[in-house]
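Observations on chain architecture
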Amino acid sequence: MHAPDPEFAIEARNIVKRFDGEAAVDGIDLTIRKGSIFGILGPNGAGKTTTLRMLLGIIDPDEGERFLLGSPDPISKAHQVGYLPEERGLYQSMKAYDAIAFMGALRGLPLAEGRKRGRAMMEDHGLGDAVDKQIRQLSKGMAQTVQLLGTLVHDPDLIILDEPFSGLDALNQGKLERLIRAQADRGVTVIFSTHVIAHAERLCEEIAIIAEGKIPFKGKVSTARDRLRPQVHLETRNLDGPWRTAIPADCKPLGHHWHFTLPESGVEPLLHALVEGGAGIESLSIERPGLHDAFVEIAGEAVARKMDADSAANDMDEAA
Amino acid sequence: MIETIRAAFVIARRDFTAIIFSKSFFFFLLGPLFPIGIAVAAGGLGSQVSQDIDNPVIGVALSPAETEALLATRTRLSRSLGSRSLPELVILKDFPGQQADIIAKLDREKSLTAILSGTLAAPVLTGSERDVKRWQGKIALLAETALAQPAAVEIETRFVEQTGSSSERNQLLTAQAGQAILILLTMILAGMVLSNLVEEKTNKIIEILAAAIPMDAIFLGKLFAMLGMALVGIAVWSTLGLSVSLLLGVHWNALPVPAVGWPLFITLMIFYFSMAYLLLGSLFLGIGAMATTVREVQTLSMPVTMGQLLVFFLAYSSITKLGEPVEWFAVLFPFSSPFAMIARAAQMDNIWQHGLALIWQAVFTIIIIRFSVMLFRRNVMKSGQAARKKSLLARVTGK
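Residues numbered from 1 in each chain as written. Chains lettered and ligands numbered in written order. Predicted model: local features only at pLDDT ≥ 70, side-chain atom pairs only at ≥ 80, totals over all residues.

A few points about the overall build of chain B
From N to C terminus, chain B includes 17 helices and 5 strands. Per-residue burial over chain B gives 34% buried out of 399 residues. Put simply, of all contacts in chain B between residues at least 6 apart along the chain, 77% involve residues at least 24 apart. (Helix = DSSP H or I, 4+ residues; strand = E, 2+ residues; numbered from the N terminus. Buried ≥ 20, exposed ≤ 12 C-beta atoms within 10 Å, placed from the backbone. Contact = placed C-beta atoms within 7 Å.)

Topic: the overall build of chain A
For chain A, the count of helices and strands is 10 helices and 12 strands. Considering chain A as a whole, with its 320 residues, one finds that 42% of them fall into the buried category. Residue pairs in contact within chain A that sit at least 24 positions apart in sequence constitute 71% of those at least 6 positions apart.

Describing helix H3 (residues 111-124) of chain A
Residues and elements named next belong to chain A. The terminal C-alpha atoms of H3 lie 20 Å apart, and with 14 residues this matches the ideal 20 Å at 1.5 Å per residue to within 8%. Along H3, the residues that are buried comprise Gly114, Arg115, Arg117, Gly118, Met121 and Met122. Where H3 is buried, its residues touch helix H2 (96-106) and helix H4 (140-152). Following H3 by one or two positions, glycine 126 adopts a phi angle in the positive range, close to 70 degrees. (Expected span 1.5 Å × (residues − 1).)

Things to note about the interface of chain A and chain B
It is common to give the size of an interface as the accessible area that goes away when the parts come together. Chain A puts 23 residues into the contact, and the matching count from chain B is 18 residues. Contributions of two or more residues to the side of chain A that touches chain B are made by helix H1 (48-56) and H2 of chain A. Across the side of chain A that touches chain B, the residue classes break down as 13 nonpolar, 5 polar and 5 charged. (Nonpolar A, V, L, I, M, F, W, Y, C, P; charged D, E, K, R; others polar.)

Side note on the sheet that holds strand E4 (residues 123-127) of chain B
Residues and elements named next belong to chain B. Read from one edge to the other, the open sheet built from 5 strands follows the order E2-E1-E3-E4-E5, with strand pairing classed as mixed. Both outer strands of the open sheet, strand E2 (88-91) and strand E5 (156-159), are each paired with one neighbouring strand and no more. Between one strand axis and the next, the sheet turns through 25 degrees on average, direction left out of account. In the packing of helix H4 (residues 64-81) onto the sheet, contacts are made with strand E1 (57-60) and E2, and the angle to E2 comes to roughly 155 degrees. (Pairing = 2+ DSSP bridges. Axes fitted to C-alpha atoms, helices over the stretch in contact; angles between N-to-C directions.)

What to know about the environment of arginine 288 of chain A
All names here are of chain A. Residue position: arginine 288 is located in the loop between strand E12 (281-287) and helix H9 (291-299). In this structure arginine 288 comes out as partly exposed when scored by C-beta crowding, with 13 C-beta atoms within 10 Å. In this structure the C-alpha to C-alpha distance between arginine 288 and valine 232, which are 56 residues apart in sequence, comes to 9.1 Å. Residues in contact with arginine 288, not counting those within four places in the same chain, are Arg225 and Pro230.

Section: the sheet that holds strand E1 (residues 8-19) of chain A
Residue and element names in this part refer to chain A. Reading across from one edge, E2-E1-E4 is the order of the 3 strands in this open sheet, with antiparallel pairing throughout. For this open sheet the edge positions go to strand E2 (22-33) and strand E4 (63-68), each flanked by a neighbour on one side alone. Strand-to-strand twist across the sheet, computed as the mean angle between neighbouring axes with direction ignored, equals 15 degrees.

Re the nonpolar core
In this structure, Ile100 of chain A together with Ile342 of chain B are the most contacted members of the largest nonpolar core, which totals 138 residues. Examining the composition of this core, we find that 16 residues originate from one element, helix H11 (residues 262-290) of chain B, more than from any other. Those residues in contact with isoleucine 342 of chain B that sit more than four places away from it in its chain are Gly178, Gln179, Leu182, Leu268, Met269 and Tyr272 of chain B. Core analysis: the next-biggest nonpolar cluster, separate from the first, contains 20 residues, Leu116, Leu125, Leu142 and Ala143 of chain B among them. (Core = buried A, V, L, I, M, F, W, Y, C linked by C-beta atoms within 7 Å.)

Here's the deal with the packing of helix H10 (residues 215-248) of chain B against H11 of chain B
All names here are of chain B. Where H10 contacts H11, the axes come no closer than 10 Å and their chain directions differ by 135 degrees. Here H10 lies oblique to H11, going by the angle between them. Where H10 crosses over H11, the two elements pack in a sense that is right-handed. The segment H10 lies against H11, with Phe219, Lys222, Leu223, Met226, Leu227 and Ala230 engaging Ser274, Tyr277, Leu278, Gly281, Ser282 and Leu285. In terms of residue class, the contact of H10 with H11 is made up of 8 nonpolar, 3 polar and 1 charged. (Parallel < 35°, antiparallel > 145°, perpendicular 65-115°, else oblique. Left-handed = near helix turned anticlockwise from the far one by under 90°.)

Some points on unusual backbone geometry
All names here are of chain A. Of note, the phi angle at leucine 69 is positive, near 50 degrees, even though the residue is not glycine. Relative to the helices and strands, leucine 69 resides in the loop between E4 and strand E5 (81-84). With phi around 50 degrees, glutamate 212 is a residue other than glycine that occupies positive phi space. In this structure glutamate 212 comes out as partly exposed when scored by C-beta crowding, with 18 C-beta atoms within 10 Å.

Quick word on the environment of isoleucine 298 of chain A
All names here are of chain A. Within the secondary structure, isoleucine 298 is located in helix H9. Through-space distance from the C-alpha of isoleucine 298 to that of phenylalanine 217 is 6.9 Å; in sequence the pair is 81 residues apart. Apart from residues no more than four positions distant in its own chain, isoleucine 298 is found in contact with Ile209, Pro216, Phe217, Ala224 and Arg227.

Observations concerning the packing of H2 of chain A against H4 of chain A
Residue and element names in this part refer to chain A. As a packed pair, H2 and H4 sit with axes 8 Å apart at the nearest point and diverge in direction by 35 degrees. Of the two possible hands of crossing, H2 and H4 adopt the one that is right-handed. Of the residues in H4, those in contact with Ala96, Ala99, Ile100, Met103 and Gly104 of H2 are Val146, Leu149, Gly150 and Thr151. Here the contact of H2 with H4 is built from residues that sort into 6 nonpolar, 3 polar and no charged.

Digging into the environment of phenylalanine 273 of chain B
Residues and elements named next belong to chain B. Along the polypeptide, phenylalanine 273 turns up in helix H11. Linking phenylalanine 273 and alanine 230, residues 43 residues apart in sequence, is a C-alpha distance of 9.8 Å. In this structure phenylalanine 273 touches Leu182, Leu185 and Thr186, once residues within four positions along its chain are discounted.

Observations regarding the pairing of E2 of chain A
All names here are of chain A. The sheet contact formed by E1 and E2 spans 9 bridges and is antiparallel. Looking across to E2, one finds that glutamate 11 is bridged to threonine 31. Once E1 ends, the chain turns through 2 residues before running back antiparallel as E2, passing aspartate 20 with a positive phi of about 55 degrees.

A word on the confidence of the model for chain B
Residue and element names in this part refer to chain B. Within chain B, residue pLDDT values average 78, and 80% of them lie at 70 or more. Confidence, read as mean pLDDT per element, is least for helix H16 (residues 385-388) in chain B (49) and greatest for helix H13 (residues 325-332) (92). For this predicted complex, the interface confidence score (ipTM) comes to 0.79, while the overall pTM stands at 0.70. (pLDDT = per-residue confidence, 0-100.)

If you want it as structure tokens, here you go:
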């Protein structure tokens, strides 16, 4: 067993989990720096939840080793961790502030202190009227907020959120993003899984892309994007001329519009060739690829399409 | 109306196919076998135990000639009346036959129900009032037949307050009562434990718990909460019962005293109830934890209850067989051990064995909890399709 590095909140080395002989997670390596916001991206069934459950100690890996806050026994660090599972749930008969206190008590916070904090947190989040209501009397959104507050009530050093944006409307998604940033500003490590790339793109410093139980990419969002060349969108008056040698030979126009990857030589030689070659530039834009494009490049078209479908299904659920 | 029937048919078809094609339907099909098996076992055991308890042995302290005549008569009569209808006769050789000796012998020899002394023409039957009144007619019949005289033989009866045999029988009754109370309380509670984790699973709270505290703690916490609830209930009802009996002037000293004495017996009752509950409760909690719906819990309830009854029958059948292999098996088999041991407490006065038994039962409870947790972590705490597609049977067996 390797010694854990105190710089990392999470270290996983070659962890494997099989269900009925099939590998749900197949040799994942993961290191997550303390104090960072880290996103785990992948479609449903890619192995995100299983990975998180192994990191948290809910289930043990069949192979490999993992350290959570430096410990190979994650449950022993539970008092420093907040966890919001994908499947949300609370005891229906509990009062809202009591549910928050209960979740804190599970992680070592004295019940009386948890109740006090629970009331205060609910007031701060605009749920003052619901403090004494039973969970069954709350709306779905309110109950989700209560559970999120329960995840934070004991001031954890590490927060793990499994699909936290799922089921939230746009307004609450924005609130959650602000909350995640606020926690990170306090030095808390935040790890969340999502199949919505936009959230990861806005929030994360680093991401891991997970597909079919493996991690084909792990690193900074910018590094993922840099794997793709910028895309050029060009509109010309002329369809032919000496300038055509400046763009890829296989690039075909759509009317007078051209779409191609920026050549290795860069922007200036291209611009020079277009002007000198008499292209008659009507419009020109050079776009840096988004994380979505990088995801397609890294994980493959099929995985990206599945993730888009999951995201659309999630949107429909929210609309419903 | 037609629309309602059509809609009802849609629901019925779904439910019917869902039940029929589930593996738990197997338990339902086996259902009728359980009560039949239990009824047969209960009937057989009941009569066996009652025979064991009511198998009288009369010591014969007559002259050798009269003793021989009496034994020959018993053999002859039992051919036509059946052996069970007449008491067993045991010759007391070289027995002085004085009343004080008879009383001492009855007190010492627990196998003796009563002692016949005097002569066949003027027999004296000594024993507890209940036993003497019960058997004097049969003894008179044997004496009359042995003497071949038509006149009725008058039996002189002498009562002693308690014989070794009646004391043993009373302790057997205490053992039976103790077991019955234990099994009733355990059955009610253990059934409740079966559905104990369903709330957490239907409310999706289980993952929050599993991520925060060891799974063993979840199982233990649930078990002890139910045990605490049961003990509060027992305390309330015991206090109420005691108060009512005091008001009604019930004499508690009339109750047969268990071998270890009442204070220790009651203490052991509490301990053995706790252990019986923890043993069966941890098993049922483990099985119930595999169930994801109330329907699955209902399906499990019957075989589980029947299993409890079988355990009880094992313990019950061993009451009258102290020290025999079947009784040792009931003592050592963890699930029947508390019931068998409370029967021992009523009938045997050595105390050290209870300490060993309690340790053994506690160790086994821990083993069951660990095993249940292992199954739960391996087969239930999964995500995605793999977890959802599995049947209850597959979750329990891990296949």
